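So the chains spell out like this:
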Amino acid sequence: MRTELHVPSDLKFLTIVENWLLGSLEVELGDSVDWPRQSNRLRLALVEAYSNVVRHAHRGQPNLPVLIRLELKERDIALEIWDHGKGFDLSTYLPPNPGDKQESGYGWLIMNRLMDRVEYRLQVNGRNCLKLEASLPEAKVAQS
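Residues numbered from 1 in each chain as written. Predicted model: local features only at pLDDT ≥ 70, side-chain atom pairs only at ≥ 80, totals over all residues. Heavy atoms only, no water.

### Comments concerning the overall build of the protein
Then, in step 1: Tallying secondary structure elements over the protein gives three helices and five strands in all.
Then, in step 2: In the protein, the succession of helices and strands from N to C terminus is β-α-α-β-β-α-β-β.
Then, in step 3: Against the compact-globule benchmark of 15 Å for 144 residues, the protein has a radius of gyration of 16 Å, which places it among compact chains.
Then, in step 4: Referenced to the eigenvectors of the C-alpha coordinate spread, the extents of the protein come out at roughly 50 × 40 × 25 Å.
Then, in step 5: A total of 144 residues make up the protein; the buried ones form 38% of that total.
Then, in step 6: Long-range pairs, those at least 24 residues apart, make up 67% of the contacts in the protein with a sequence separation of at least 6.
Then, in step 7: About 8,800 Å² of surface is accessible on the protein, with carbon and sulfur atoms providing 50% of the total.
Then, in step 8: Between the mean site of the 18 positive side-chain charges and the mean site of the 20 negative ones, the protein shows a separation of 4 Å. (Helix = DSSP H or I, 4+ residues; strand = E, 2+ residues; numbered from the N terminus. Rg over C-alpha atoms; globule rule 2.2 N^0.38 Å. Buried < 20%, exposed > 50% of the residue type's maximum accessible area, 1.4 Å probe, protein only. Contact = heavy atoms within 4.5 Å. Areas by Shrake-Rupley, 256 points an atom, 1.4 Å probe, with all protein chains shown as cover. Lys, Arg positive; Asp, Glu negative; His and termini not counted. Charge placed at Lys NZ, Arg CZ, Asp CG, Glu CD.)

### Some remarks on the layout of surface pockets
Then, in step 1: In this structure, the largest pocket spans a volume of roughly 690 Å³.
Then, in step 2: Along the wall of the largest pocket there are 26 residues; nearest its centre are N52, V53, H56, A57 and F88.
Then, in step 3: Elements that contribute at least two residues to the lining of the largest pocket include exactly α2 (35-57), β3 (76-83), α3 (107-114) and β5 (127-135).
Then, in step 4: Grouping the amino acids of the lining of the largest pocket by side-chain chemistry returns twelve nonpolar, eight polar and six charged.
Then, in step 5: By volume, the second largest pocket amounts to about 200 Å³.
Then, in step 6: Residue lining of the second largest pocket: 13 residues in total, with R2, E71, A78, E80 and K131 positioned closest to the centre.
Then, in step 7: Of all elements in the fold, only β1 (2-8), β2 (65-73), β3 and β5 reach the threshold of two or more residues within the lining of the second largest pocket. (1 Å grid on protein atoms, 1.4 Å probe; cavity = no way out; pocket = protein on both sides within 12 Å on 5 of 7 lines; lining within 4 Å. Points joined across faces, edges and corners; volume = space filled by probe spheres on them. Nonpolar A, V, L, I, M, F, W, Y, C, P; charged D, E, K, R; others polar.)

### What about the side chain of E80?
Then, in step 1: Of note, E80 is situated in strand β3.
Then, in step 2: Look at E80 and you get buried, because its relative accessible area is 14%.
Then, in step 3: Engagement of the side chain of E80 in a polar contact is seen with the side chain of W82, the distance being 3.0 Å.
Then, in step 4: For E80, the contacting residues outside a window of four places in its chain are L67, I68, R69, R121, C129, L130 and K131. (Polar contact = N/O pair within 3.5 Å; in protein donor to acceptor, adjacent residues only side chain to side chain.)

### Some remarks on the packing of helix α1 (residues 14-29) against α2
Then, in step 1: Interhelical geometry of α1 versus α2 gives an angle of 140° and a closest axis separation of 10 Å. Between α1 and α2, the crossing angle belongs to the class labelled oblique. Remark: the crossing between α1 and α2 carries right-handed chirality. Of the residues in α2, those in contact with L14, V17, E18, L21, L22, L25, E26 and L29 of α1 are W35, S39, L42, R43, L46, V47 and Y50.
Then, in step 2: Of the residues that constitute the contact of α1 with α2, the class distribution is eleven nonpolar, one polar and three charged. (Axes fitted to C-alpha atoms, helices over the stretch in contact; angles between N-to-C directions. Parallel < 35°, antiparallel > 145°, perpendicular 65-115°, else oblique. Left-handed = near helix turned anticlockwise from the far one by under 90°.)

### Looking at the sheet that holds β5
Then, in step 1: Here five strands make up an open sheet; going across it, the order is β1-β2-β3-β5-β4 and the pairing antiparallel. Each having just a single partner strand, β1 and β4 (117-124) make up the two edges of the open sheet. Each strand axis lies, on average, 15° off the axis of its neighbour in the sheet, ignoring direction.
Then, in step 2: As paired strands, β3 and β5 are joined by eight bridges and run antiparallel to one another. Across the sheet, A78 pairs through a bridge with E133, a residue of β5.
Then, in step 3: Sheet strands touched by α2: β1, β2, β3 and β5. Its angle to β3, the strand with the most contacts, is close to 10°.
Then, in step 4: Helix-sheet contacts for α3 involve β4 and β5, and the interaxial angle to β4 is about 130°. (Pairing = 2+ DSSP bridges.)

Right under this line is the structure:
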């Protein structure tokens, strides 16, 4: 299954983005996934990615569209978030030091902990692409 969503760069669309992702996956996978656990993981990674585009890449430009692509192959998902910003130079990224009490810089760390693979491509045909990949484990059936 492949699907995509074009959405404005505005955090008021965040719920729509979340519902699109989780709704698309639930339609395809049904009850074979532990949704309470997996939806929280996917929601947090997507919220981090989308809000970074809105707040940083497209800052003050809500008319710039964000393209989100979802591909599902069996239980493997690939989620791409495309933006039109200048891009983020990962070579300058330093993980936050818990002792520094800094408020930003945790997004990359969070996404890498939640997803199986995170990849960022700078300036592909004038856009940047953040790709998040994960395998969704089968829901465990409760033993009676």
